Amino acid sequence: MICFLKYINQYKKFLGLRNLELLDLSYNRLNNSMLSSLKRLSSLKSLNLEYNLLEGKLNVEELGALSNLEELHLSGNQIIKFEALRGLSKLRKLILNNMTTNERSPSLLHSLGAFPYLKTLYLQYNNFHEKIFAQVESENFTNLEELFLDSSSLNEESLTSLGALPSLKLLSLGSLRDNLPHQGLPSFKKLEHLHLDFSTIKNNVLHTISKMISLKTLSLVYCGLSGTIPATQGICELKHLQMLDVSSNDLSGTLPWCLANLTSLQRLYLISNHFTGKIFPVGGLTSIQELKLSGNHFQIPISLSPFFNHTRLKHLQGEDNEVYTELEVHNLIPKFQLETLVLPCLGYGGAFPKFLYHQHNLRVVDLSHIKMKGGFPFWLLDNNTNLEELSLANNSLSGPLQLPSHLHMRLSNLDISNNGFHGHIPMAIGASFPMLLNLKMSRNGFSGSIPSSLSNISFLEVLQLDGNRFSGCIPDNLYKCSYLEMLDVSDNHLSCRIPGSMSNVSSLKVLDLSRNNIFGSLPSYINPSSLVLVYLSYNRLQGSIKNAFYGCSDLITLDLSHNFLTGTIPEMIGSLSMLGYLFLSYNNLEGEIPKHLCNLDLLRLIDLSHNNFSGQILPCLRCTGGSGVMDPETDDDRQPLDFTIKWSTYSYQGKILSMFSGIDLSHNKLSGEIPPEIGALSGIQVLNLSHNNLTGPIPPTFSNLSEIESLDLSYNNLDGKIPPQLIQLTSLAVFSVANNNLSGSTPKRVAQFATFDESSYEGNPFLCGLPLSMSCSAAISPSPSPRVSTVDEAESGFIDMDVFYVSFVVAYIIILLTIAAVLWINPYWRQAWFYFIEVSFTKCQYFLEDNVYVLFKFRV
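Residues numbered from 1 in each chain as written. Predicted model: local features only at pLDDT ≥ 70, side-chain atom pairs only at ≥ 80, totals over all residues. Heavy atoms only, no water.

(A) Molecular detail of the overall build of the protein. Counting its secondary structure elements, the protein contains nine helices and 56 strands. With 860 residues in all, the protein has 49% of them scored as buried. Of all intrachain contacts in the protein linking residues separated by at least 6 positions in sequence, the fraction that spans at least 24 positions is 54%. Looking at the protein as shown, the accessible area adds up to about 39,800 Å², and 53% of this sits on carbon and sulfur atoms. (Helix = DSSP H or I, 4+ residues; strand = E, 2+ residues; numbered from the N terminus. Buried < 20%, exposed > 50% of the residue type's maximum accessible area, 1.4 Å probe, protein only. Contact = heavy atoms within 4.5 Å. Areas by Shrake-Rupley, 256 points an atom, 1.4 Å probe, with all protein chains shown as cover.)

What follows is the structure, encoded as structure tokens:
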């Protein structure tokens with residue numbers, strides 16, 4: 001019987017349970033007086049009294065009746081010393097975590113000799129500044145086999161005292177608060193398992209560790225080790241070592257050949273270091289079962305020829321290294337039967353290695369990113385009926401998708417993205433892989449319609465078919481995939497309406513139909529409450545968005561840009577409390593920006609550009625800076641969002657998108673003054689209000705936009721002076737106030753403003769100062785008139801037509817009189833003039849006679 005008590009006043013009710021074996025009284029307010037009441041629980045095997053009010057000298061003679069007690073938890077109490085312990089001959093495990101301070105540790109530790117039968121002792125989260133077993137006869141600990149000192153503080157003296165434990169087999173010193181003392185560890189002759197994970201140790205430990213000749217397990221994860229693995233007097237001499245883990249250090253160089261001496265080694269983990277070279281030394285580890293080489297610079301032959309004689313090898317992980325093909329082709333049949341093969345690396349893998357044709361126990365295969373050529377390996381599925389995961393993404397595979405010859409009930413993950421597969425997806429794919437959870441076929445050349453048999457995959461969670469050439473419609477029966485969380489069919493040639501069955505996919509979190517030819521109105525039934533990310537941009541959707549996403553309270557991203565949507569932004573948008581990214585640009589939306597947008601506290605990117613919005617900018621509009629809204633389950637599934645910054649459109653995705661914020665209201669019909677409250681959005685990087693009808697001055701509060709990188713206020717009717725405080729914006733890379741009615745001098749050419757040229761200020765006739773050509777000393781300071789008056793003046797014209805006609809006639813008469821006067825005065829010019837007239841008349845006469853005669857004959 002097991003009993004966990006929540007309230008302190010309940011424990012007496014269970015004292016009569018003679019068969020009670022486990023009693024948990026932790027985190028109560030029990031004191032020393034309650035110990036005597038436990039003597040009736042004679043069958044008790046485990047007693048937990050952690051974090052109570054036990055204190056001082058603990059006299060537990062009353063516990064002598066607990067003759068079957070094997071495990072005692074006393075962590076977090078204020079015990080100074082144990083006294084008069086009798087009768088606990090079966091106690092094998094004692095837990096005293098977080099018990100010692102400088103004042104009370106000596107007496108407590110010295111009294112541990114009262115537990116002569118202990119095999120396991122926990123002393124984690126303690127401070128030791130002297131010998132832990134100083135005044136205890138070593139024979140009192142002849143049975144102690146396991147000691148846990150994790151997250152404690154040890155000095156040289158306390159560490160040396162551990163040598164008094166002659167039978168110690170397991171020592172755990174993980175996450176020590178101080179660096180391991182320079183002299184290292186005592187020479188534990190019988191120690192079999194040593195864990196130093198997350199403790200900072202010196203490299204000399206790798207040399208002195210050879211004295212622990214009985215070691216079977218050595219774990220040195222994240223210990224700050226650097227340099228190379230010593231070739232002599234170190235790890236290579238541990239003949240009985242079965243597990244070695246030096247992951248997440250700064251070790252480098254090639255592997256020493258002496259590693260081949262570790263013939264008993266079964267598991268070797270070298271993850272996340274800087275090892276280089278080929279892995280031939282590992283080929284001598286004939287007992288190896290699990291080999292993890294990920295995150296280094298190893299050169300691994302795709303044939304795995306160094307391991308052909310390793311009969312026990314089952315798991316090989318080597319991602320983020322480099323694979324290569326060997327010049328000599330090996331036709332040998334390997335002796336191993338792998339269960340895990342993970343090699344998504346750099347390099348060139350060539351064709352599928354021949355050893356794969358002889359594998360029959362594979363469960364996980366990942367050969368992504370190695371430029372492998374060939375067709376789809378249907379034979380791999382036929383030969384390995386237990387295969388659960390197959391990833392061949394980002395290779396050079398091509399040809400049609402050929403299904404295995406039999407039903408595959410184990411395969412849960414299939415990823416063939418970024419290859420050259422083409423043709424139609426077989427209609428029977430759903431029947432062939434009925435247990436798939438993730439199907440990723442993105443960025444290939446598949447064409448035709450999306451198979452309706454996908455609905456037979458009842459447990460499908462992720463379906464990615466983006467970047468292909470699919471046409472037709474989305475299957476109506478996908479609603480049968482009731483566990484579907486992500487549907488991505490973007491960047492295809494689908495031409496249809498959004499199927500009504502989408503409302504029945506209640507678990508859908510990510511919906512991406514962007515970059516297709518989806519038409520029709522936006523249905524009001526796309527409202528699974530679980531929706532988080534929605535991408536419907538670059539389609540031909542029409543009509544209103546009213547109530548389209550009503551009830552999607554978890555929605556973070558809504559992208560409806562580049563469509564033909566009309567109407568206004570519905571008020572229900574304010575109820576999407578988690579919305580962080582709202583993209584409605586390049587539509588035909590109109591009306592005022594609704595005040596309900598001010599209810600969205602997590603908004604980071606707002607793009608309402610290229611619409612017909614009118615009215616004033618909301619002073620309560622918010623845009624959150626700093627770390628962004630992120631859903632840990634969908635953050636990796638975020639699709640790119642197009643946003644204009646620095647006059648260019650960029651795609652932002654993933655964690656970069658979560659760190660970016662901005663507002664784009666450009667190319668609308670907004671009017672009125674810019675609210676000074678916008679200057680309080682200190683975390684935004686982009687603010688674009690260009691191409692509107694805004695009036696009034698530029699708010700001086702814009703100087704508070706400390707993170708702003710792009711500020712565009714061009715093509716409005718702003719007036720007044722440019723606030724000189726703007727020179728405080730040291731992150732500004734793009735700035736434009738062109739084509740307004742601004743006056744006065746340009747900002748001082750310091751910091752970022754020294755980089756802006758004339759194009760940032762042009763079109764303001766009353767602005768002066770560099771980089772403009774007009775000097776402020778020569779400029780007149782008129783009272784600027786509104787730009788609309790200039791337009792009226794241009795429409796009404798500035799030329800008096802009566803004056804124009806009179807001046808034209810007078811000029812014509814003067815020219816004729818001037819010619820006549822010249823000919824009358826100069827007889828030579830007069831004779832030449834009349835000769836020119838005579839020749840001209842003669843040529844005209846001949847021309848008419850010749851052409852009229854020819855025309856007459858043609859008609860006849």
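The rest of the description comes next.
(B) Examining the sheet that holds strand 35 (residues 493-494) more closely. With respect to topology, six strands assemble into an open sheet ordered 25-27-29-31-33-35, the strand pairing being parallel. Each end of this open sheet is capped by a strand with a single partner; those strands are strand 25 (373-374) and strand 35. In this structure, strand 33 (residues 469-472) lies alongside strand 35, joined through two bridges in parallel fashion. The partner of Ser-471 across the bridge, within strand 35, is His-493. (Pairing = 2+ DSSP bridges.)

(C) Expanded view of unusual backbone geometry. The omega angle of the peptide bond from Leu-770 to Pro-771 is 10°, so this bond is cis rather than trans. Summarising the element assignment, Pro-771 is placed in the loop between strand 56 (766-768) and helix 7 (787-796). In this structure, Ser-151 is a non-glycine residue whose phi angle is positive, near 60°. Note that Ser-151 resides in the loop between strand 9 (146-148) and helix 2 (156-160). With phi around 55°, Asp-491 is a residue other than glycine that occupies positive phi space. One can find Asp-491 in the loop between strand 34 (486-488) and strand 35.

(D) Layout of the pattern of salt bridges. Taken as a whole, this structure holds five salt bridges when the rule is applied. For Arg-443, the salt bridge goes to Asp-466, with nearest N and O atoms at 3.1 Å. In this pair, Arg-443 sits in the loop between strand 30 (438-440) and strand 31 (445-448) while Asp-466 sits in the loop between strand 32 (462-464) and strand 33, placing the two residues 23 residues apart along the sequence. Taking the relative accessible area as the measure of exposure, Asp-466 reaches 9% and is therefore buried. (Salt bridge = Lys/Arg side-chain N within 4 Å of Asp/Glu carboxyl O.)

(E) Inspection of the side chain of Asn-413 at higher detail. Considering the arrangement of structural elements, one finds Asn-413 in strand 28 (residues 413-415). Excluding residues within four positions of it along the chain, Asn-413 makes contact with Glu-388, Glu-389, Leu-390, Leu-436 and Asn-438.

(F) Focus on the state of the cysteines. Tallied over the full model, the rule gives three disulfides. Across a sulfur-sulfur distance of 1.8 Å, Cys-598 and Cys-620 are joined as a disulfide pair. Judged by the torsion about the S-S bond (65°), the Cys-598/Cys-620 disulfide is right-handed. With a gap of 22 residues between them, Cys-598 in the loop between strand 43 (588-592) and strand 44 (605-607) and Cys-620 in the loop between strand 45 (612-615) and strand 46 (641-645) connect regions that are remote in the sequence. Judged by its relative accessible area of 35%, Cys-620 falls in the partly exposed class. Take the cysteines of the protein that form disulfides and number them in order along the sequence; they join up as 1-2, 3-4, 5-6. (Disulfide = S-S within 2.5 Å.)

(G) Broad picture of the confidence of the model for the protein. When the pLDDT values of the protein are averaged, the result is 85; 85% of them are 70 or greater. Long-range and interchain partners of residues 628-635, a stretch whose pLDDT sits below 50, account for 22 contacts in this model, where long-range means more than four residues apart. Low pLDDT, under 50, characterises residues 781-798; the stretch is placed with 13 contacts to residues that sit more than four places away or in other chains. (pLDDT = per-residue confidence, 0-100.)

(H) Examining a nonpolar patch on the surface more closely. Among the surface-exposed residues, Phe-808, Val-809, Tyr-812, Ile-813, Leu-816 and Leu-817 lie close enough to one another that they form a single nonpolar patch of about 640 Å² accessible area. Note that Leu-817 resides in helix 8 (residues 801-825). When its relative accessible area of 58% is taken as the criterion, Leu-817 is described as exposed. (Patch = residues over 30% accessible without salt bridge, like charges linked within 9 Å, V, L, I, M, F, W, Y side chains within 5 Å.)

(I) Structural context of the environment of Leu-465. Along the chain, Leu-465 turns up in the loop between strand 32 and strand 33. For Leu-465, a relative accessible area of 1% translates into the label buried. As a C-alpha pair, Leu-465 and Leu-439 span 26 residues in sequence and 8.4 Å in three-dimensional space. Once you skip the residues sitting within four places of it in the chain, Leu-465 turns out to touch Met-441, Ser-442, Ile-450, Leu-454, Phe-470, Asp-488, Val-489 and Asn-492.

(J) Representation of the packing of aromatic side chains within the structure. Going through the model one piece at a time under the given rule, you end up with 16 aromatic pairs. Taking 5.6 Å as the distance between ring centres and 25° as the angle between the ring planes, the aromatic pair formed by Phe-459 and Tyr-483 counts as stacked. Of this pair, Phe-459 sits in the loop between strand 31 and strand 32 while Tyr-483 is found in the loop between strand 33 and strand 34, placing the two residues 24 residues apart along the sequence. Tyr-483 sits in the partly exposed class, given a relative accessible area of 45%. Where Phe-735 meets Phe-756, the ring centres are 5.7 Å apart and the plane angle is 35°; that geometry is what we call tilted. Taken as a pair, Phe-735 in strand 54 (residues 734-736) and Phe-756 in the loop between strand 55 (741-745) and strand 56 lie far apart in primary sequence, 21 residues in all. (Phe/Tyr/Trp six-rings, centres within 6.5 Å; stacked < 30°, edge-to-face > 60°.)

(K) The arrangement of the sheet that holds strand 21 (residues 322-324) in detail. The parallel open sheet is built from six strands, whose spatial order is 13-15-17-19-21-23. The open sheet terminates on both sides in strands that have one partner only, identified here as strand 13 (226-227) and strand 23 (346-347). Summarising the sheet, strand 17 (residues 274-278) and strand 19 (residues 297-301) pair through three bridges and their orientation is parallel. In the sheet register, Lys-278 faces strand 19, and the bridge partner there is Gln-299.

(L) A look at a positive patch on the surface. A contiguous patch of positive charge on the surface is contributed by Lys-45, Lys-90, Arg-92, Lys-119, Lys-169 and Lys-190. Inspection of the secondary structure assignment puts Lys-90 in the loop between strand 6 (78-83) and strand 7 (93-95). A relative accessible area of 38% means that Lys-90 is categorised as partly exposed. (Lys, Arg positive; Asp, Glu negative; His and termini not counted. Charge placed at Lys NZ, Arg CZ, Asp CG, Glu CD.)

(M) View of the side chain of Ser-507. Examined against the element boundaries, Ser-507 turns out to sit in the loop between strand 35 and strand 36 (510-512). Here Ser-482 takes part through its backbone oxygen, which lies 2.9 Å from a polar atom of the side chain of Ser-507. A polar contact is formed between the side chain of Ser-507 and the backbone oxygen of Leu-484, at a distance of 2.9 Å. The contact partners of Ser-507, leaving out residues within four places of it in the chain, are Ser-482, Tyr-483, Leu-484, Glu-485 and Ser-530. (Polar contact = N/O pair within 3.5 Å; in protein donor to acceptor, adjacent residues only side chain to side chain.)

(N) How the structure looks around the pairing of strand 53 (residues 717-721). As paired elements, strand 51 (residues 693-696) and strand 53 share two bridges and run parallel to each other. Bridge pairing links Thr-695 to Asn-717 in strand 53. Both strand 53 and strand 55 contribute to a ladder of three bridges, which runs parallel. Counterpart to Asp-719 in the pairing with strand 55 is Asn-741.

(O) Looking closely at the pairing of strand 51. Pairing of strand 49 (residues 669-673) with strand 51 involves three bridges; the strand directions are parallel. In the strand pairing of strand 51, Gly-672 is matched with Leu-694.

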